[in-house]
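Structural characterization, general
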Amino acid sequence: MKQEQSNKLLLIDGHSILNRAFFGLPDLTNAAGQHTNAVYGFNLMLSHILERIQPTHVLVAFDAGKTTFRTEMYADYKGGRAKTPDEFREQFPFIREQLDHLGIRHYELAQYEADDIIGTLDKLAESTPVPFDVTIVSGDKDLIQLTDDNTVVEISKKGVAEFEEFTPTYLKEKMGLTPEQFIDLKALMGDKSDNIPGVTKIGEKTGIKLLLEYGSLDGIYEHIDEMKASKMKENLIND
């Protein structure tokens, strides 16, 4: 009997990978003076990823703009970020055109980020009658929270072909945490790149220590009264 080929879904965080390509390569231009380093780097990354993963289905998700449901909740979300360089912005249309020529679907949705599209499709793909094996590619570590038995999250490191592959087992080995605890760690730490405040003076090391001791964010606060008096306890309460 012929073995049925498994469904393999590749979800790419478009702006994140483009950002890595643009800032990871020297400034390149073509004969017309058009900047091309993001286009070139993205194409190299895409070629490596497609050859290595050989997916049956692919989607590249893009951010739709600066305003999302998060900015409605918290006006300073991503505040303070530098303006996107014109040399970078002018390459966006060519990336979409390139994907169209390759027959690769791309998608963006008003009021949402690429992360939201990727997370939604990942969960939908796992609940189909024949579940997909999902690979998520990004430069944003926030997406590590999505790893599970069906989903591998690859975070770009250096150059265009080096990625760190996160599975629940690898996350446990590297940080001692489950994907659910990783979400709680981000809540404790905040995120400077997104201008999200966390608990004062709690970074990755202290956050992991607290989660290993109390199990979860809820567990920390359920036992907050039992903690000995300290500046950390004070910060946990105040923040």
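Quick caveat: nothing in here was measured; it's all calculated off a predicted structure.

The next thing to look at is the overall build of the chain. Scanning the chain for helices and strands turns up 11 helices and 6 strands. Taken over the C-alpha atoms alone, the chain extends approximately 65 × 55 × 30 Å along its principal axes. Across the 239 residues that make up the chain, the buried fraction comes to 40%. Considering only contacts in the chain between residues 6 or more positions apart, those separated by 24 or more positions represent 62%. Roughly 13,900 Å² of accessible area belongs to the chain as shown, and the carbon and sulfur atoms make up 52% of that amount. The averaged location of the 40 negative side-chain charges in the chain is 5 Å from the averaged location of its 26 positive side-chain charges.

What follows is about unusual backbone geometry. With a phi close to 50 degrees, Gln-54 is a non-glycine residue in the positive phi region. By secondary structure assignment, the location of Gln-54 is in the loop between α2 (37-53) and β2 (57-61). By relative accessible area, Gln-54 is classed as exposed at 55%. One non-glycine residue, Gln-111, adopts positive backbone phi at about 75 degrees. Tracing the chain through its elements places Gln-111 in the loop between β3 (105-107) and α6 (114-126). Gln-111 sits in the partly exposed class, given a relative accessible area of 30%.

As paired strands, strand β1 (residues 8-13) and β2 are joined by 5 bridges and run parallel to one another. In the sheet register, Leu-9 faces β2, and the bridge partner there is His-57. Direction of pairing for β2 relative to β3: parallel, over a ladder of 3 bridges. Bridged to Leu-59 within β3 is Arg-105.

By size, the foremost hydrophobic cluster in this structure holds 32 residues, and its most contacted members are Ile-136 and Leu-236. Residue assignment for this core shows that the elements contributing at least two residues are β1, β2, α6, β4 (133-138), β5 (151-156), α7 (168-175), α8 (179-189) and α9 (204-214). Counting residues per element, this core draws most heavily on α6, which supplies 4 residues. Residues within four places of Leu-236 in sequence aside, it is in contact with Leu-188, Val-199, Ile-202, Leu-210, Ile-220, Tyr-221, Ile-224 and Met-227. Formed by 21 residues, the second largest nonpolar core is a distinct cluster that contains Ile-12, Leu-46, Ile-104 and Phe-163.

Moving on, we get to the pairing of β1. Counting buried positions over the 6 residues of β1 gives 5, a clear majority of the element. Pairing of β1 with β4, which is carried by 5 bridges, proceeds in the parallel orientation. Paired with Leu-9 across the two strands is Val-134, which belongs to β4.

One pass over the structure, following the stated rule, counts 6 aromatic pairs. Both rings, one in Phe-22 and one in Phe-88, keep their centres 4.6 Å apart while their planes meet at 15 degrees; by these two values the pair is stacked. A residue pair is termed long-range when its members are at least 10 positions apart, and Phe-22 in helix α1 (residues 14-24) and Phe-88 in helix α4 (residues 86-89) qualify at 66 residues. Ring geometry for Phe-69 against Tyr-112: centres 5.4 Å apart, planes inclined by 50 degrees, an arrangement best described as tilted. With Phe-69 in helix α3 (residues 69-73) and Tyr-112 in the loop between β3 and α6, the pair connects residues that are 43 residues apart, well separated along the chain.

If you trace the backbone, Glu-164 turns up in strand β6 (residues 163-166). A polar atom in the side chain of Glu-164 sits 3.1 Å from the side chain of Lys-174.

In this section: the environment of Tyr-170. Looking at where Tyr-170 falls in the secondary structure, it is placed in helix α7. With 68 residues separating them along the chain, Tyr-170 and Leu-102 place their C-alpha atoms 33 Å apart. When neighbours within four sequence positions are excluded, Tyr-170 is seen to be in contact with Glu-164 and Glu-165.

Summarising the element assignment, Phe-166 is placed in strand β6. Given a relative accessible area of 2%, Phe-166 falls into the buried group. Spatially, the C-alpha atoms of Phe-166 and Val-152 are 5.8 Å apart, while their sequence positions differ by 14 residues. In this structure, Phe-166 is in contact with Ile-144, Thr-147, Thr-151, Val-152, Val-153, Ile-155, Leu-171 and Lys-174, ignoring residues within four places of it in sequence.

The rules we used
Residues numbered from 1 in each chain as written. Predicted model: local features only at pLDDT ≥ 70, side-chain atom pairs only at ≥ 80, totals over all residues. Heavy atoms only, no water. Helix = DSSP H or I, 4+ residues; strand = E, 2+ residues; numbered from the N terminus. Buried < 20%, exposed > 50% of the residue type's maximum accessible area, 1.4 Å probe, protein only. Contact = heavy atoms within 4.5 Å. Areas by Shrake-Rupley, 256 points an atom, 1.4 Å probe, with all protein chains shown as cover. Lys, Arg positive; Asp, Glu negative; His and termini not counted. Charge placed at Lys NZ, Arg CZ, Asp CG, Glu CD. Pairing = 2+ DSSP bridges. Core = buried A, V, L, I, M, F, W, Y, C linked by side-chain atoms within 4.5 Å. Phe/Tyr/Trp six-rings, centres within 6.5 Å; stacked < 30°, edge-to-face > 60°. Polar contact = N/O pair within 3.5 Å; in protein donor to acceptor, adjacent residues only side chain to side chain.

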